[in-house]
Amino acid sequence: MKLTEMSDKELVELALEQNQAAFIVLYTRYNAGVKSHISKYITQAEDKEDVALESFQKAFSQIGSYNPEYRFSTWLYRIARNTAFDHISRKDREKSNLPTTSINETMSELNDIPAAMHNPEEDIINQQEYDKWLANIEKLKDDYKVVAKMNLIDHFGYKEIADELDLPINTVKTKIRRAKAQLLKMMDVSDELQ
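Model, not experiment: these values are computed from the prediction.

Here is what the cut-offs are and how they apply
Residues numbered from 1 in each chain as written. Predicted model: local features only at pLDDT ≥ 70, side-chain atom pairs only at ≥ 80, totals over all residues. Heavy atoms only, no water. Helix = DSSP H or I, 4+ residues; strand = E, 2+ residues; numbered from the N terminus. Buried < 20%, exposed > 50% of the residue type's maximum accessible area, 1.4 Å probe, protein only. Areas by Shrake-Rupley, 256 points an atom, 1.4 Å probe, with all protein chains shown as cover. Salt bridge = Lys/Arg side-chain N within 4 Å of Asp/Glu carboxyl O. Bend = angle between axes of the 7 residues up to and from the residue. Polar contact = N/O pair within 3.5 Å; in protein donor to acceptor, adjacent residues only side chain to side chain. Phe/Tyr/Trp six-rings, centres within 6.5 Å; stacked < 30°, edge-to-face > 60°. Lys NZ or Arg CZ within 6 Å of the ring centre and 35° of its normal.

(A) Examining the overall build of the protein chain more closely. Within the protein chain one finds eleven helices and zero strands. The linear arrangement of helices and strands in the protein chain, starting from the amino end, is α-α-α-α-α-α-α-α-α-α-α. When the 194 residues of the protein chain are sorted by exposure, 43% land in the buried category. Accessible surface, the protein chain: about 11000 Å² in total, of which carbon and sulfur atoms supply 50%.

(B) Representation of the environment of G33 in the model. Tracing the backbone through its elements, the reader meets G33 in helix α2 (residues 20–38). For G33, a relative accessible area of 2% corresponds to the buried category. For the pair G33 and Y77, spaced 44 residues apart in sequence, the C-alpha separation works out to 8.3 Å.

(C) Molecular detail of the pattern of salt bridges. Tallied over the entire structure, the rule returns eight salt bridges. With a closest N to O distance of 3.2 Å, K35 and E49 form a salt bridge. Linking K35 in helix α2 with E49 in helix α3 (residues 45–61), this pair joins segments that are 14 residues apart in sequence. Take K35: its relative accessible area is 21%, and that puts it in the partly exposed class. Note that E54 is salt-bridged to K58, the shortest N-O span being 3.6 Å. Taken together, the positions of E54 and K58, both in helix α3 and four residues apart, correspond to about one turn of that helix. Since its relative accessible area comes to 32%, E54 is described here as partly exposed.

(D) Highlighting α2. The sharpest bend along α2 reaches about 50° and sits at Y30. Those residues of α2 not exposed but buried are A22, F23, V25, L26, R29, Y30, N31, G33, V34, S36, H37 and I38. One side-chain oxygen at the N-terminal end of α2 lies 2.9 Å from the backbone nitrogen of A21; it belongs to N19.

(E) Fine view of the environment of E13. By the secondary structure assignment, E13 is in helix α1 (residues 8–16). Residues E13 and G64 lie 51 residues apart in sequence; the distance between their C-alpha atoms is 9.3 Å.

(F) Up close: the packing of aromatic side chains. Using the criterion set out here, one finds nine aromatic pairs in the structure. When the ring of Y30 is compared with that of F72, the centres are 5.6 Å apart and the planes differ by 55°; the resulting orientation is tilted. Remark: F72 occurs in helix α4 (residues 72–87) and Y30 occurs in helix α2; sequence separation between them is 42 residues. One exposure class covers both Y30 and F72, and it is buried. Note on Y30 and Y77: the rings are 6.5 Å apart at their centroids and 85° apart in plane angle, and the pair reads as edge-to-face. One end of the pair, Y30, is in helix α2; the other, Y77, is in helix α4, with 47 residues separating them in the sequence. By the ring-pair criterion, three or more aromatic residues cluster together here, those being Y30, Y66, F72, W75 and Y77. Geometry around Y144 places K175 over its ring, the cationic atom sitting 5.7 Å from the centre.

(G) Spatial organisation of unusual backbone geometry. You will see that Q18, though not glycine, has its phi angle at about 65°, which is positive. With respect to the element layout, Q18 can be found in the loop between α1 and α2. Judged by relative accessible area, Q18 falls into the exposed class, the value being 51%. The backbone of D166 shows a phi angle near 55°, a positive value even though the residue is not glycine. Inspection of the secondary structure assignment puts D166 in the loop between α10 (158–165) and α11 (169–193). We classify D166 as exposed; its relative accessible area is 71%.

Below, the structure written as structure tokens:
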């Protein structure tokens, strides 16, 4: 059996034996997903690259602590999120246009970011489903497709999208929220069809 056809669990077992090829397959499988995940918190492309690499280094150096009862992607994304938060100073968080659960959320509540920012889409963006995710974005209505691509693929922040499309920021937030809701429904339906 080729390494690329192995399950995450089988690859982790090989990685525990320091099989370098297993590490490479896990990295390749989850690199896009990790970058997508941390782009919710970090906007600079070079910072994203650094944080993604650091996340994999941490994960691979701590691979012995991974509990196979849970999905590997969940464990990896948690490490990536924590690495992203280590990377962002408090001041940067206030300057950045980080997505929050509500528009009225105050900056003082940003300490609660990990809990407040868990969205269902985090659970579905993993490497195996990335192509399906992209295909479903293409099926959205034009105005939703444009903002979804800018936000979820190109990782533009709300303000950047608003400026680029000459729309009010609240309109952009609403369109992104609705596009995500439609995508999640589409992902559920396409999962049922398989």
